[in-house]
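In case you want the letters, here they are:
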2 protein chains.
Amino acid sequence: MPQSEFAVIADIFAPLARTPAALGLKDDVALLKGRKNRVVTTDALIAGVDFFANDPPADIARKALRVNLSDLAAKGAKPEAYLLTLALPKSVTPQWLRAFARGLAADQKEFGIALLGGDMSGTPGPLTISITAFGIADKPILRRGAKPGDIVFVSGTVGDSGGGLAALKARKRHAFLIDRYRIPQPRIALGRKLRGLASAALDVSDGLIADLGHIAEVSKVHIAVEAARIPLSPELCRFWNGDAVRAATAGDDYEIAFTAPRRLRARVLAAARVARTPVTEIGWVMPGRGVALIGPDGKAVDLVRRGWTHF
Amino acid sequence: MPQSEFAVIADIFAPLARTPAALGLKDDVALLKGRKNRVVTTDALIAGVDFFANDPPADIARKALRVNLSDLAAKGAKPEAYLLTLALPKSVTPQWLRAFARGLAADQKEFGIALLGGDMSGTPGPLTISITAFGIADKPILRRGAKPGDIVFVSGTVGDSGGGLAALKARKRHAFLIDRYRIPQPRIALGRKLRGLASAALDVSDGLIADLGHIAEVSKVHIAVEAARIPLSPELCRFWNGDAVRAATAGDDYEIAFTAPRRLRARVLAAARVARTPVTEIGWVMPGRGVALIGPDGKAVDLVRRGWTHF
């Protein structure tokens, strides 16, 4: 595939999505209107691509579910239920599946959701898990609302998951970072509190800079991020020697990146306290297009790699 | 996997689905209640398992969509929209994807539906297409309503798709049967008309006998089918020498098998005429459990293989 998935989606699939509910295929969710307004999202994980086949099965299950719940969280939605599709290689045993289901059960309890249905079949390829998740949201926070003058926030810390992946690949032990890679924390409580405050939001999966690029593109604005303000965990600071550029382009963070009007800053910070989720102000929105990462010298950092792409 | 997928679903996944909307994981759809009541279904197709990797891309797209629309059809639902998840091997080209999208576009027009969103990533394994489809249905026809005294119907003809698959595997040309394998015809109009008439329904994907077994199990009844009454196309009659048992256990038919009270027989047949879809009465519902296929001697046929299982 010589094209990026973004080009393929825009060129080939967006023409198929001529309903307002699809949001032009430019958001992480689609809208299902009704008495209860729902949002729906789908994400697949593939062994060897998105996780290691020998990861603990319960962790694989929880990650597959949580990357979807993270999309709901960033939209301010309350998770409700999910569908599960499994393509299983012959090597998968009932014991493995039971441990996988225990991971789902634990997260169903934690997030108050239920399995609705799904599909299961054998595959000659790698284990592939596709989940479709539903959430209730009356006024979902979309990617398209960022305005010049808004400020940019991100929840939690950035880059830990990328560090965990690097540690696993290098066969280094690093429980904190590897746990951040294996078990994302969907920021449900924060997303709920940001309704009416955030002008645009998404969860960071491709990488902070790449994902803010999605907001910039859909909102038709320029976003500037100060590298020095990107929140790094002490563990990642040591592991990557404080390299914020690497952290901001690593991906798989499942934190919420969002914009809000400057006049709402105090209310955003209060909402984050109530949700017991740290948020950090990292930049601002201007007229223009694209994302700039501003280095310590006040100049834009030249980014070789902006984030994860799928082919 | 030593267990069938049915055992795995019942043992491992049904305990995760303790919401009425999931129908105990015993139907083809789940229910999303609201001002508009929706049904939702998901089915995945895998290259080398559910289709041939060198099938025409537009046909692959249409089959992936239609196996889901067929689930909606059997529930009496009006298709509304769908999500598309693609796991793409490196060999897939943009040209292939464009042809694939043309197949989707043609079917979107035919069925009045739109793409809502999805996910796309690379895979080291075979092309895997997972679709989640939504339909509107106020009173969906479930698997669980068959009653002793009801009669059993099936739409169209049975076994053509299995014949087409056999023809493809034997490298025999047979345009009619191969077309039936590649391009299922979801019986939307019939399903809509059966609301209020059919007591239970599903689409035939695993095989007529196996799928009637699902109705028998969930409805807690016995179903008897007369082999001689199973509708076979003239083409399949020649190809399989009139072997109705083989036809009834082949699968991939995407016809609607349903039950209805005997007193509604005339109304069922009238509804089928309005929907321009032939239906044939093939059996009856009794107290008990399981499915029997009755041979020309009036005795139950001993079935070695009841239908398709996934591992």
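None of the values given here were measured: they were computed from a predicted structure.

**Q** Sorry, what's going on with the packing of aromatic side chains here?
**A** Centre distance and the angle of the planes are the two values used to describe a pair of aromatic rings. Following the criterion strictly, the structure yields nine aromatic pairs over all chains and no others. For the pair B:Phe153 and B:Phe258, a centre-to-centre distance of 5.0 Å together with 15 degrees between the ring planes defines the contact as stacked. Of this pair, B:Phe153 sits in strand 6 (residues 151–155) while B:Phe258 is found in strand 9 (residues 256–260), placing the two residues 105 residues apart along the sequence. The pair formed by B:Phe153 and B:Phe258 is uniform in burial state, with each residue classed as buried. Geometry around A:Tyr181 places A:Lys63 over its ring, the cationic atom sitting 3.8 Å from the centre.

**Q** Which parts of the structure should I look at to understand the sheet that holds strand 6 of chain B?
**A** Through backbone hydrogen bonds, the strands of a sheet pair up, either in parallel or in antiparallel fashion. Residues and elements named next belong to chain B. Strand order across the open sheet formed by six strands is 7-9-6-10-8-11, with mixed pairing between neighbours. A strand with exactly one partner marks an edge of an open sheet, and here the two such strands are strand 7 (200–203) and strand 11 (291–294). Taken pair by pair, the neighbouring strands of this sheet meet at an average axis angle of 25 degrees, ignoring direction. Bridge count between strand 8 (residues 222–226) and strand 10 (residues 279–286): four bridges; the pairing is antiparallel. Counted as the bridge partner of Ala-224 is Trp-284 from strand 10.

**Q** Please clarify how the domain arrangement of chain A should be interpreted in this entry.
**A** Note on interface size: it is often stated as the accessible area lost on association of the parts. All names here are of chain A. When cut into domains, chain A gives domain 1 (5–136) and domain 2 (151–294). Put simply, the middle of domain 1 and the middle of domain 2, counted by C-alpha atoms, are 21 Å apart. The partner domain 2 presents 23 residues to the 25 residues of domain 1 that form the contact. Taking both sides of the interface into account, the surface hidden between domain 1 and domain 2 amounts to around 2000 Å²; carbon and sulfur atoms contribute 60%. For the interface between domain 1 and domain 2, the tally reads two salt bridges. The salt bridge involving Arg-182 is made with Asp-55; its shortest N-O contact spans 3.0 Å. The interface formed by domain 1 and domain 2 contains nine residue pairs in polar contact (both at pLDDT 80 or more). When contributions to the side of domain 1 that touches domain 2 are tallied by element, the ones reaching two or more residues are helix 2 (57–74) and strand 3 (78–88). At 10 residues, helix 2 tops the list of elements feeding residues into the side of domain 1 that touches domain 2. By residue class, the composition of the side of domain 1 that touches domain 2 is 12 nonpolar, two polar and 11 charged.

**Q** Any chance you could explain the relation of the copies chain A and chain B here in plain terms?
**A** Each of the two chain copies can be brought onto the other by rotation about an axis and movement along it. Relative to chain B, chain A is turned by 180 degrees and slid 0.0 Å along the rotation axis, the superposed coordinates differing by an RMSD of 0.0 Å. What the rotation and shift describe, once combined, is the action of a two-fold rotation axis.

**Q** Help me understand the interface of chain A and chain B, please; the structure alone is not making it clear to me.
**A** Each partner contributes to the interface: chain A provides 63 residues, whereas chain B provides 63 residues. Buried area between chain A and chain B, summed over both chains or domains, comes out near 5100 Å², and the portion from carbon and sulfur atoms is 70%. Put simply, chain A and chain B have zero salt bridges between them. Where chain A meets chain B, there are nine residue pairs in polar contact (both at pLDDT 80 or more). When residues of the side of chain A that touches chain B are traced back to their parent elements, those giving at least two are helix 1 (5–13), strand 1 (30–32), strand 2 (38–46), strand 3, helix 3 (94–111), strand 4 (114–122) and strand 5 (128–136) of chain A. Examining the composition of the side of chain A that touches chain B, we find that nine residues originate from one element, strand 4 of chain A, more than from any other.

What counts, and at which threshold
Per chain, residue numbering runs from 1 following the sequence as it is written. Chains and ligands are labelled by the order in which they are written, letters from A for the one and numbers from 1 for the other. Local features in this predicted model are restricted to residues of pLDDT 70 or higher, and side-chain atom pairs are both shown and tallied only at a pLDDT of 80 or more, whereas totals for entire chains, interfaces and linings draw on every residue. With hydrogens and water excluded, all non-hydrogen atoms of the structure serve as input to the side-chain values. Only Phe, Tyr and Trp rings take part, Trp by its six-membered ring, and two of them pair if their centres are within 6.5 Å. Stacked means planes under 30 degrees apart, edge-to-face means over 60, and tilted covers everything else. Think of it this way: any DSSP run of H or I at least four residues long counts as a helix, any run of E at least two long counts as a strand, and we number them from the N terminus. Partly exposed residues are those whose accessible area sits between 20% and 50% of the maximum for their type, while under 20% is buried and over 50% is exposed, using a 1.4 Å probe and protein chains only. By definition here, charges over rings are those cases where NZ of Lys or CZ of Arg is within 6 Å of the ring centre and within 35 degrees of the ring normal. Two strands qualify as a pair provided DSSP detects at least 2 bridges between them. For helices, the fitted axis covers only the stretch in contact; all axes are lines through C-alpha atoms, and the angles between them, taken along N-to-C directions, range from 0 to 180 degrees. Domain limits in this description derive from either an automatic procedure or a database domain assignment. We call two residues in contact when some of their heavy atoms are within 4.5 Å. By buried area we mean the combined loss of accessible area, with a 1.4 Å probe, across both parts when two parts are placed together. Definition used for salt bridges: Asp or Glu carboxyl oxygen within 4 Å of a side-chain nitrogen of Lys or Arg. Polar contacts here mean pairs of N or O atoms no more than 3.5 Å apart (in protein, one a potential hydrogen donor and the other a potential acceptor; neighbouring residues in sequence count only if both atoms are side-chain atoms). Residues are grouped as follows: Ala, Val, Leu, Ile, Met, Phe, Trp, Tyr, Cys and Pro are nonpolar; Asp, Glu, Lys and Arg are charged; every other residue, Gly included, is polar. The fit set for superposing copies consists of C-alpha atoms from residues with pLDDT of at least 70 in both; the fit itself is least squares.

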